[in-house]
Amino acid sequence: MSFASVVFFLFLPVVFCLHYCSSRRQWQNGVLLAASYFFYGWWDYRFCGLMLFSSLLDYAIGQKLATARHATQRRSLLVLTLASNLGLLGFFKYFNFFADSLVLALAAVGVDVNPTTLPIVLPVGISFYTFQTLSYTLDIYRGQLQPRRNLVEYLTFVSFFPQLVAGPIERATHLLPQFAAARKFSPEAAAEGCRLILWGLAKKMVLADNLGGIVDSAFGHAASASGAALALATVCFAFQIYCDFSGYSDIAAGTARLFGIQLVRNFAYPYFAQSLSEFWRRWHISLSTWFRDYVFIPLGGSRDTVERTSRNLLLTFLLSGLWHGAAWHFVAWGALHGLYVVASRWLSRGAPAERPAVPGGESLLPSLLVLWRMLRTFVLVCAGWILFRADSLPTAWEICRRIAVQGLSLDFYASLWRLVAEHQIVLVVLGLFVAAEWLGRFEWNPLPIRRLPLPARWLSYTALFWVILYLGTQRSADFIYFQF
Amino acid sequence: MRTFCCKLAAFALLQLLMFAVLLRHYDVSRETNYLAATADKHRRLAHTPSPRLIILGGSNVPFGIQSDRLEQALSRPVVNMGLVAGAGLDFMLREIKPSLRRGDLVLLSLEYDQFGGGYDPNILRQLIVFRPANACYLQPKHFKKLVLDRGLITVGEIARRSVAASVARFTSQGSAPTLSLPRRGFNEWGDLRAHYGQPRRIALEDLEHVRLVPPRRAWPNPEVPTVLERFARNCHERGVLFAFTFPPQPPQSLRDYHDAVSRIERSLRAIPHLLVVDSPQVQVYDPALFFDTGYHLTGPGATLRTDRLIKALRPVCENGGPMPPAVSQDGR
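Note that this is a predicted model, so its numbers are computed, not measured.

S.K.: Tell me what's going on with the overall build of chain B, and back it up with residues and numbers.
M.R.: Helices and strands together make up the secondary structure of chain B, namely 13 helices and 5 strands. Considering only intrachain contacts with a sequence separation of at least 6, the fraction spanning at least 24 residues in chain B is 83%.

S.K.: Residue-level account of the overall build of chain A, with values.
M.R.: For chain A, the helix and strand inventory stands at 18 helices and 0 strands. Expected size for 484 residues packed as a compact globule is a radius of gyration near 23 Å; at 23 Å, chain A falls within 12% of this value. Taken over the C-alpha atoms alone, chain A extends approximately 70 × 70 × 50 Å along its principal axes. Taking contacts inside chain A between residues at least 6 apart in sequence as the whole, the part at least 24 apart equals 73%.

S.K.: Explain the sheet that holds strand β2 (residues 78–80) of chain B to me, and be specific about the residues and the numbers.
M.R.: All names here are of chain B. Strand order across the open sheet formed by 5 strands is β2-β1-β3-β4-β5, with parallel pairing between neighbours. Looking along the sheet, the strands with just one partner apiece sit at the ends: β2 and β5 (274–276). Averaged over all pairs of adjacent strands, the angle between their axes in this sheet comes to 25°, without regard to strand direction. As judged from the 4 bridges shared by strand β3 (residues 105–109) and strand β4 (residues 241–244), these two strands associate in the parallel manner. When the sheet's bridge partners are listed, L107 is paired in β4 with A243. In the packing of helix α4 (residues 67–74) onto the sheet, the strands contacted are β1 (53–57) and β2, and the crossing angle to β2 comes to about 155°.

S.K.: Talk me through the pairing of β3(B); I want residue IDs and the actual numbers.
M.R.: All names here are of chain B. In terms of burial, β3 is largely enclosed, as 5 of its 5 residues are buried. Burial along β3 is two-sided: L105, L107 and S109 and V106 and L108, pointing in opposite directions, are all buried. Examined bridge by bridge, β1 and β3 share 5 bridges and lie parallel to one another. If you follow I54 over to β3, its bridge partner there is V106.

S.K.: Help me get a handle on the packing of helix α3 (residues 45–67) of chain A against helix α6 (residues 151–159) of chain A, residues and values and all.
M.R.: Residue and element names in this part refer to chain A. Where α3 meets α6, the closest approach of the two axes is 10 Å, and the angle between their N-to-C directions is 125°. One way to sum up the angle between α3 and α6 is to call them oblique. Between α3 and α6 the crossing geometry is right-handed. For the pair α3 and α6, contact is made by M51, S55 and Y59 and by L151, Y154, L155, V158 and S159, respectively. When grouped by side-chain class, the residues that make up the contact of α3 with α6 number 6 nonpolar, 2 polar and no charged.

S.K.: Please set out the pairing of β1(B) residue by residue, giving values where relevant.
M.R.: On a regular strand, one side chain projects to one face of the sheet and the next to the other, so that they alternate. By the criterion of burial, β1(B) is predominantly enclosed, with 5 of the 5 residues buried. Alternating positions in β1(B) separate into two faces, B:L53, B:I55 and B:G57 on one and B:I54 and B:L56 on the other, with burial throughout.

S.K.: Help me get a handle on unusual backbone geometry, residues and values and all.
M.R.: Backbone torsion omega between B:S50 and B:P51 reads 0°, so that peptide bond is classified as cis. The topology assignment puts B:P51 in the loop between α2 (37–47) and β1. Phi at A:Y269 takes a positive value of approximately 55°, unusual for a residue other than glycine. With respect to the helices and strands, the residue A:Y269 is situated in the loop between α9 (227–258) and α10 (276–282). By C-beta crowding, A:Y269 is classed as buried, having 20 other C-beta atoms within 10 Å. Even without being a glycine, A:H284 presents a positive backbone phi close to 40°.

S.K.: Outline the interface of chain B and chain A, listing residues and values.
M.R.: Counting residues at the interface gives 18 residues for chain B and 18 residues for chain A. Listing elements by their share of the side of chain B that touches chain A, those giving two or more residues are α1 (2–24), α7 (140–149) and α8 (151–171) of chain B. Among the elements that make up the side of chain B that touches chain A, the one with the highest residue count is α8(B) (8 residues). Within the side of chain B that touches chain A, the residues separate by chemical class into 10 nonpolar, 4 polar and 4 charged.

S.K.: Residues and numbers for the domain arrangement of chain A, please.
M.R.: Residue and element names in this part refer to chain A. Along its sequence, chain A is organised into domain 1 (6–103 + 122–184) and domain 2 (189–274 + 356–483). Between the C-alpha centres of domain 1 and domain 2 the distance comes to 30 Å. Tallying the contact residues gives 17 residues for domain 1 and 16 residues for domain 2. Of all elements in the fold, only α1 (6–19) and α7 (172–179) reach the threshold of two or more residues within the side of domain 1 that touches domain 2. Top contributing element to the side of domain 1 that touches domain 2 by residue count: α1, with 3 residues.

S.K.: An account of the environment of A:V7 is needed here, citing residue identities and associated values.
M.R.: Examined against the element boundaries, A:V7 turns out to sit in helix α1. Through-space distance from the C-alpha of A:V7 to that of A:W42 is 9.8 Å; in sequence the pair is 35 residues apart. Apart from the residues lying within four places of it in its own chain, the contact partners of A:V7 are A:M1, B:L148 and B:D149.

S.K.: How would you explain the nonpolar core if you had to name every residue and give the values?
M.R.: A:A233, B:I55, B:L56, B:V106 and B:F242 are the most contacted members of the largest nonpolar core, which has 202 residues in total. Examining the composition of this core, we find that 20 residues originate from one element, α9(A), more than from any other. Both of domain 1 (6–103 + 122–184) and domain 2 (189–274 + 356–483) of chain A provide at least three residues apiece to this core. With near-sequence residues (within four places) excluded, B:L56 lies in contact with B:V61, B:M81, B:G82, B:M92, B:I96, B:V106, B:L107 and B:L108.

S.K.: Run through the environment of A:T395, naming residues and quoting values.
M.R.: Along the chain, the position of A:T395 falls in helix α15 (residues 393–406). In this structure, A:T395 is in contact with A:A222 and A:A390, ignoring residues within four places of it in sequence.

S.K.: Can you explain the packing of α6(A) against α7(A)? Please cite residues and give values.
M.R.: Residues and elements named next belong to chain A. Orientation of α6 relative to α7, taken along the N-to-C sense of each, is 130°, at an axis distance of 9 Å. The angle between α6 and α7 falls in the class oblique. Every pair of crossing elements has a handedness; the one defined by α6 and α7 is right-handed. Residues E153, T156 and F157 of α6 form the contact with α7, whose own contacting residues are A172, L175, L176 and F179. Considering only residue class, the contact of α6 with α7 consists of 5 nonpolar, 1 polar and 1 charged.

S.K.: Could you give me a rundown of the environment of B:V277, with the residues and numbers involved?
M.R.: All names here are of chain B. Along the chain, the position of V277 falls in the loop between β5 and α13 (299–320). For V277, a count of 18 C-beta atoms within 10 Å puts it in the partly exposed group. Separated by 134 residues in the primary sequence, V277 and F143 have C-alpha atoms spaced 34 Å apart. Residues within four places of V277 in sequence aside, it is in contact with A243, F244, T245, A312, L313 and V316.

S.K.: Residues and numbers for α2(B), please.
M.R.: Residues and elements named next belong to chain B. Looking at α2, one finds that the buried residues are A37, T38, K41 and R44. The arc that holds the buried residues of α2, viewed along the axis, is 125°, so those residues lie on one side. Facing away from the buried side of α2 by over 90 degrees, the exposed positions are A46 and H47. In this structure, the buried side of α2 is in contact with β2 and α6 (121–130).

S.K.: Provide a residue-level description of the confidence of the model for chain A, including the pertinent values.
M.R.: Across chain A, pLDDT averages 90, with 96% of residues at or above 70. At the level of individual helices and strands, chain A shows its lowest average pLDDT in helix α4 (residues 71–108) of chain A, which scores 87, and its highest in α9(A), which scores 96.

The rules we used
Residues numbered from 1 in each chain as written. Chains lettered and ligands numbered in written order. Predicted model: local features only at pLDDT ≥ 70, side-chain atom pairs only at ≥ 80, totals over all residues. Helix = DSSP H or I, 4+ residues; strand = E, 2+ residues; numbered from the N terminus. Contact = placed C-beta atoms within 7 Å. Rg over C-alpha atoms; globule rule 2.2 N^0.38 Å. Pairing = 2+ DSSP bridges. Axes fitted to C-alpha atoms, helices over the stretch in contact; angles between N-to-C directions. Buried ≥ 20, exposed ≤ 12 C-beta atoms within 10 Å, placed from the backbone. Parallel < 35°, antiparallel > 145°, perpendicular 65-115°, else oblique. Left-handed = near helix turned anticlockwise from the far one by under 90°. Nonpolar A, V, L, I, M, F, W, Y, C, P; charged D, E, K, R; others polar. Domains from an automatic or database assignment. Core = buried A, V, L, I, M, F, W, Y, C linked by C-beta atoms within 7 Å. Arc of directions from axis to C-beta. pLDDT = per-residue confidence, 0-100.

Here it is in C-alpha cells:
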C-alpha cells in the first residue's frame with residue numbers, strides 16, 4: 001500500500017481508531033501488528049510469509065542467544081543469524097546479479113558457462129526489515145539488549161507499517177521499548193504527525209514526481225540527450241531522490257506519531273552540508289549509523305592507522321552501495337563516496353572536524369566560504385548521483401563525458417536556460433522549497449505553521465492539500481526506495 | 001482525542017465540500033480529447049426515444065459505422081456508444097444497462113482481443129475524468145486499481161481540468177487537442193468522421209504487423225461468454241433485443257487465428273437470447289480499406305460495413321423486431 005493512495009487514507013483512520021479503542025498495550029500492539037501485515041500484504045500477500053519467517057527466525061535466535069553460555073555457541077548463533085538474514089537478502093536481491101557477474105568474469109578468462117537466472121520477484125522493503133531484524137540479534141549478541149519475551153511486541157517492531165518498506169531503519173534499542181508500554185494519545189504529537197504527513201506528501205507528489213519527469217526524459221534517452229539536459233536532469237535527480245525519500249520518512253514519522261511512536265530522524269538538510277562527511281551525517285541517517293555501528297566499527301573503525309581507517313571506510317561505503325541495488329553502478333556509487341570521504345579525511349588531516357549544529361551556519365545568509373563549501377559538496381554529490389541513476393557504468397561514464405565536454409561551449413548554457421524556462425513551474429516550486437528548507441533548518445522540518453493562528457493554519461493546510469492534488473498527481477510513481 | 005478527531009473530520013469535510021463545488025461547476029464542453037466524446041454519447045443516449053438501435057463496442061464502432069444511414073434504413077434512431085476497447089466489456093455493458101427500454105435493439109461489436117476479458121485502467125480513469133458519472137459503471141474488480149490505489153490521480157486530473165476550464169471560460173480558449181482525432185471529429189450520432197478523406201496512416205505492408213494481436217491471457221476467456229449471457233438474459237427479460245456483429249479485420253488475421261476466432265464464434269452462437277447477425281468471414285475487408293489499424297475502417301470501408309449491417313439487421317428489425325414485452329416474475 002502506498003502512502004500516496006486513497007486506500008492509505010481510508011486505512012489510517014480505521015487503524016488509528018482501533019488502536020486507541022483500548023489503552024491496553026497488548027491490544028494496541030495487536031492492532032498495529034495486524035494493520036502492518038495488511039499494509040504489507042496489499043502489494044502481495046505472499047511477501048508476508050517471508051517477513052514472518054525472517055522475524056520468527058531472529059526471534060528464536062535472540063532467545064537462544066540470551067541463554068547460550070559458551071562463546072562458541074554464541075558465535076554459532078551469530079553466524080546463523082547473519083547467514084540466514086543475508087542469505088535471504090542475497091537470494092532475493094543479489095542472486096541474478098552475482099550469477100550474471102560470475103558468467104561475465106568466467107567469460108573474460110575464456111570459460112563459457114550457461115547463465116542461470118531465476119525469475120525472482122524482489123519483496124518490497126526486504127533490505128529495510130532485514131537490517132532491522134539483524135540489528136535486534138546483533139544487539140543481543142553484543143549485550144546491549146535483552147531479548148523480548150513478548151512475540152507480538154517483537155513482531156510489531158519488525159513490521160511496524162509506517163517505516164516497514166523504506167525505513168527509517170529502526171534499532172531495537174530505540175523502537176522496542178516504545179512497544180513495551182501502552183501509548184497515550186497526545187493531541188500535540190498527533191497534530192504534528194498530520195503536519196508531517198502533509199509535508200511529506202507535498203515533497204513526494206509535488207516535487208519528486210514532477211522532477212522525475214525531467215529526470216526520466218533525459219536519463220531514459222541518455223544516448224541522445226544533450227549535455228545540458230543531462231546536467232539539469234542530474235540536479236533534478238538530486239532533489240527528486242531527496243524529496244522522494246525524505247518525503248517518505250516524513251510521512252512515516254508523522255504516521256508513527258499518530259500512534260504515539262517516535263521514529264529516528266532520517267534526513268537533516270543534507271544539501272546544506274559543507275563536506276562529504278557532513279553530508280553522510282545528514283543523509284539517510286538511519287542507514288549510515290547502521291553501517292557505522294555494525295560494519296565500520298567492527299572492522300576497526302578509525303581507531304587504527306590512517307590506511308586501515310581508509311580501508312574500513314571504503315569497505316563500508318562499497319557495502320552501502322551494494323545494499324542500494326544489485327548492479328555495478330550502485331557499487332561504483334558507494335566506492336566513489338568512500339573515496340570522497342577518505343580523500344577529505346586525508347586533506348583535512350590535523351584540522352579539527354567541523355560539526356555545525358545548524359547546517360550552513362546560523363546566520364540568515366551564508367558567508368561566501370560556506371556557500372562555496374556547500375556548492376562544492378553538492379556538485380560532488382551530484383556526480384555520484386549520475387552513477388546511481390544511470391542504467392549502467394558505461395552509460396554513467398558517457399553522461400559525465402557529455403556534460404563535461406559540452407559544458408565547455410556557450411551553447412550548453414543557452415540550451416540549459418531554454419530547458420529551465422520549459423520546466424519553470426516545477427523549478428520555481430523547487431526554489432521555494434529550498435528557500436523554505438534554508439529558513440527552517442533550525443528545526444526537524446521547515447514547517448513553522450504550528451505557530452500561526454487556527455484560521456491561518458487551516459488556510460495553509462488547505463492550500464498545501466490542493467497544491468498536492470493539483471500539481472502532484474500528473475505522474476504517479478512509487479517511492480524510489482521501495483525498489484531497494 | 002475527540003477534539004482532534006472532530007477537527008480532522010471537519011478538515012476532511014471542508015476539502016470534500018470544495019471538491020463537490022469543483023465537480024458541480026466542472027464543465028467538459030471545451031474538452032477536445034477523443035475520450036471526452038463519452039459525455040456527448042451519454043447525452044444522446046439519454047435524449048433519444050425508444051425503440052432505438054444502440055451500438056456498443058470498441059473503436060471499431062465509431063470508426064466503421066455510419067449511424068445516419070442505419071437510422072434511415074432501419075427507421076429507428078441510432079445511438080453509437082462505441083468509443084474505445086480499453087474500457088472493457090463489463091464497463092461498456094454497464095454504461096447502457098440502466099437506460100435500456102423495451103423495444104430497444106443493442107448491437108455489440110467487440111474486438112477479438114477483448115475476448116481475453118481485459119481492460120485498460122488508464123482508459124477507464126480517463127473516461128471517469130471526462131464524465132465523473134461514469135464512475136458508477138465501475139465494477140468491484142476495477143475498484144482496487146482505479147479508486148483505492150490510483151484514485152488521487154483521477155481527483156487531481158479533474159481538479160486540473162476544472163481549473164483549466166474555468167480559466168478558458170474567461171479567456172475563451174478551449175483545451176488543446178490531445179489526439180489527432182479529436183472529440184469534434186464525431187457527428188451527432190456518435191460516429192467518428194475525422195478520418196474520412198484523410199490519407200491512410202498505415203501502409204498495406206505494415207497492416208500485416210498491426211493486425212489482430214492475441215491477448216496474453218486465455219483467449220477466448222471463458223468469463224466473456226458468461227458476462228454476455230448474463231446481459232442477454234437481462235435484455236430478454238426487459239424486452240430488449242441483443243445482437244452481435246463481428247468486428248472488421250483484414251483477411252490475414254482470420255487466417256492466422258482461425259481456430260481462436262472459430263472458438264469465439266461458437267461460444268457466441270451458444271449464448272441464449274443473443275442474436276449473432278453475421279460471421280467473422282462477412283466482416284473481412286480488403287486491407288486497403290483500413291485506416292490505421294486492423295480494426296479502423298476508412299470512409300469507404302465504413303460505407304461497405306454499414307451496407308452489410310443494413311442487410312443483416314433489416315430482417316431483424318422488420319420481421320423479428322424487438323422482443324415481446326417482458327413478463328414480470330409473477331406472470332402478470
